Structures are given as C-alpha cells and as structure tokens.
Amino acid sequence: MDYNGEDYRFLKIKDAILSINQKVSFVGVILEVGSPKQSKGTDSFCTIKVTDESHTKDGISVNIFAESMEKLPYIVSVGDIILLSHVVMKAHNKQAYALFNKKFSSFALYDGKGGEDFLPYQVSSRFFVRDQDKRIIAAVRKWLLNFQFKEDSKKFLLLREIKDGQRINMACKLLKVSGWPLFGMELMLHQPRSVRIGSILRVIIDKGIEKHILHLLKIGKWVKLQNVLCQVDAGLWFGVLTHFTRLRYVPTNDNLIVERQ
C-alpha cells in the first residue's frame with residue numbers, strides 16, 4: 001500500500017516504530033480494544049492495538065488521551081480501521097508504542113472489511129477528511145480480505161485448565177446477554193463428539209465498563225478475551241471482565257476458532 005500524499009505522509013507501521021520521539025501518521029486495523037479508564041489527572045484514556053500488512057506479528061499499542069470518555073474512540077467493531085495523524089512514537093522496555101496527544105493528534109474511525117463507503121463514523125476534533133484518505137482505506141480493506149492474524153493457541157486456555165483467581169485468555173462463543181451485566185459464553189473443548197454444547201461459563205462485566213465493551217459482544221459470534229479473571233462461588237465457576245480485559249479481533253477463518261469448533 002502506498003500511503004504517500006501531497007501534503008502529508010502516512011507511514012507503514014514497520015517504519016513508524018523506528019521513528020522514536022517523532023510525530024508520525026499511520027493507518028491500522030484494530031486488533032484489540034481495552035476499556036477506557038480515568039487517568040491520575042483529569043484526562044480519560046484507552047489503549048488499542050493495531051496492525052497493518054507491514055507489521056502483522058504482534059501489532060502496536062496506541063495510548064489515547066482525551067478530555068473525557070466521550071471524546072475517546074468509540075469503536076463499533078474490533079477489526080475496524082483507524083487513521084491516526086501526528087501521534088508521537090515512544091518506547092518502553094524496548095517496545096515501541098504510539099502516544100496520542102489531545103493537543104495535536106487526531107483520529108478517524110472507519111468500517112473495516114465489508115465497509116462500503118469512505119466516510120468515517122467517528123472523528124476527533126482536529127481531524128479533517130482529505131481525498132487521499134479514500135485510497136488508503138480502500139487499500140486496507142482489500143488487504144483485510146485475506147488477512148489472518150497468527151497467534152499462539154497455547155496462550156488461550158480451555159475451561160478445564162483454569163484455576164481460581166487466575167487471569168486467562170479465552171476463545172469462546174457468545175450465547176446470551178441478559179438484562180443485567182451477566183452473560184454466558186460457550187467454549188468448545190476437545191471433548192467426545194457426543195458433547196455438543198461444550199462448556200458454559202457465566203461472565204460478569206465489572207460495573208462502569210458495560211457501555212464500553214457490551215456493544216462489541218455480539219450473540220452467536222466468537223470472541224477472544226484477554227485477562228479474564230476466573231473465580232469460584234458456591235462451587236460454580238464464573239469469569240469477570242475488568243478494566244484489564246481486552247477484546248481481540250476474530251476473523252471468520254481464524255485458525256484458533258476453527259480449532260475450537
């Protein structure tokens with residue numbers, strides 16, 4: 001994908017991570033979404049992880065700060081596209097990440113694979129649409145058609161492997177969302193074929209993050225959840241989605257999901 005424009009330039013992520021302490025612009029597919037939090041000061045912030053065709057192994061984290069929760073990115077679906085302008089590249093423990101500064105950075109969110117138009121569904125106050133953006137978004141969507149994010153299946157446990165008080169990663173299918181913040185998820189285990197349903201785990205969503213994560217959970221769809229707290233109450237297992245839980249991108253042909261099914 002060629003990101004060069006007349007008056008601005010979008011880098012590929014592999015080049016952006018080499019530009020420590022510099023302002024850069026790049027476009028990425030959203031791999032992972034974390035819950036918004038309040039900073040120690042007056043700002044709100046969230047962390048997302050994005051990737052592009054140049055950096056598909058792990059993706060790169062983007063820390064986004066805003067004056068309020070309402071001004072943070074409200075991502076409709078993991079796998080959507082984000083256009084980031086004038087973010088500052090930083091490094092921590094030799095790991096590069098992007099820092100969104102509310103004073104000069106900007107973002108725009110677009111529908112991912114299957115999107116039909118080129119209008120962003122959310123933009124920050126400093127963003128303005130340019131004709132070149134359409135070409136970039138079209139190129140990313142084309143690449144997404146055959147994109148397969150590879151990750152180690154050993155990082156995602158089966159329910160029979162969990163322990164009380166442990167934080168785990170799960171690949172599971174959402175069965176039901178109740179009227180209060182409790183829903184059930186089905187995790188297909190390596191069990192005899194006569195067991196059709198698999199194992200059911202009830203999961204509670206911590207108070208205060210429901211509106212930020214519930215809309216990303218769609219009944220009948222498979223999800224990957226990272227940092228789910230596992231607990232036992234009266235002999236029954238349940239999970240807790242906390243501020244530390246992250247939702248990962250799951251394409252329909254994901255290798256881990258095919259393995260679970």
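Given the structure is predicted, the values throughout are model-derived calculations rather than measurements.

### Quick notes on the pattern of salt bridges
A complete count under the given rule lists five salt bridges for this structure. Linking Arg246 and Glu32 is a salt bridge whose minimum nitrogen-to-oxygen distance equals 2.8 Å. Here Glu32 lies in strand S1 (residues 23–34) and Arg246 lies in strand S14 (residues 246–248), a separation of 214 residues in the sequence. Judged by its relative accessible area of 26%, Arg246 is partly exposed. The class of Glu32 is buried, set by a relative accessible area of 2%. Between Lys224 and Asp254 there is a salt bridge, with the nearest N and O atoms lying 2.8 Å from each other. Residue Lys224 is found in strand S12 (residues 222–233), and its partner Asp254 is found in the loop between S14 and helix H4 (255–260); the two are separated by 30 residues along the sequence. For Lys224, a relative accessible area of 1% puts it in the buried group. Three or more residues are tied together by salt bridges with common partners; here these are Glu32, Arg246 and Arg248.

### Let's talk about unusual backbone geometry
Within the chain, Lys94 stands out as a residue other than glycine whose phi angle is a positive 65°. Relative to the helices and strands, Lys94 resides in the loop between strand S5 (81–92) and strand S6 (95–100). The class of Lys94 is exposed, set by a relative accessible area of 86%. Phi is positive for Ala234, close to 55°, though the residue is something other than glycine. Within the secondary structure layout, Ala234 lies in the loop between S12 and strand S13 (236–241). Look at Ala234 and you get exposed, because its relative accessible area is 76%.

### A short note on the confidence of the model for the protein chain
Residues of the protein chain with pLDDT of at least 70 account for 89%, and the chain-wide mean is 85. Across the protein chain, the element-wise mean pLDDT spans from 48 in strand S10 (residues 182–187) up to 97 in strand S7 (residues 106–110). Contacts from residues 188–196, a stretch scored under 50 in pLDDT, to residues over four places away or in other chains number 14 contacts.

### Looking at the packing of aromatic side chains
In total, this model carries five aromatic pairs according to the counting rule given. On the basis of an interplanar angle of 45° and a centroid distance of 6.4 Å, the ring pair of Phe147 and Phe149 is categorised as tilted. Here Phe149 falls in the buried class, since its relative accessible area comes to 6%. Members of the aromatic cluster, joined through ring pairs, are Trp143, Phe147, Phe149 and Tyr249. Directly above the aromatic system of Phe156 lies the positively charged group of Lys224, at a separation of 5.6 Å from the ring centroid.

### Digging into the pairing of S12
Pairing of strand S9 (residues 167–177) with S12, which is carried by six bridges, proceeds in the antiparallel orientation. Each bridged residue has a counterpart across the sheet, and for Lys173 the counterpart in S12 is Trp222. Pairing of S12 with S13, which is carried by five bridges, proceeds in the antiparallel orientation. Bridge pairing links Asp233 to Leu236 in S13.

### Quick look at the nonpolar core
Across soluble globular proteins, you tend to see nonpolar side chains buried next to one another. Counting 61 residues, the largest nonpolar core has Phe26 and Val50 as its most contacted members. What Phe26 contacts, discounting residues up to four positions off in sequence, is Phe10, Leu11, Ile13, Ala16, Val50, Val62, Ile82, Leu83, Leu84, Val87, Met89 and Ala98. Within the second largest apolar cluster, five residues are counted, among which are Phe156, Ala171, Trp222 and Ile257.

Reading the values: rules and limits
- Residues numbered from 1 in each chain as written.
- Predicted model: local features only at pLDDT ≥ 70, side-chain atom pairs only at ≥ 80, totals over all residues.
- Heavy atoms only, no water.
- Salt bridge = Lys/Arg side-chain N within 4 Å of Asp/Glu carboxyl O.
- Helix = DSSP H or I, 4+ residues; strand = E, 2+ residues; numbered from the N terminus.
- Buried < 20%, exposed > 50% of the residue type's maximum accessible area, 1.4 Å probe, protein only.
- pLDDT = per-residue confidence, 0-100.
- Contact = heavy atoms within 4.5 Å.
- Phe/Tyr/Trp six-rings, centres within 6.5 Å; stacked < 30°, edge-to-face > 60°.
- Lys NZ or Arg CZ within 6 Å of the ring centre and 35° of its normal.
- Pairing = 2+ DSSP bridges.
- Core = buried A, V, L, I, M, F, W, Y, C linked by side-chain atoms within 4.5 Å.

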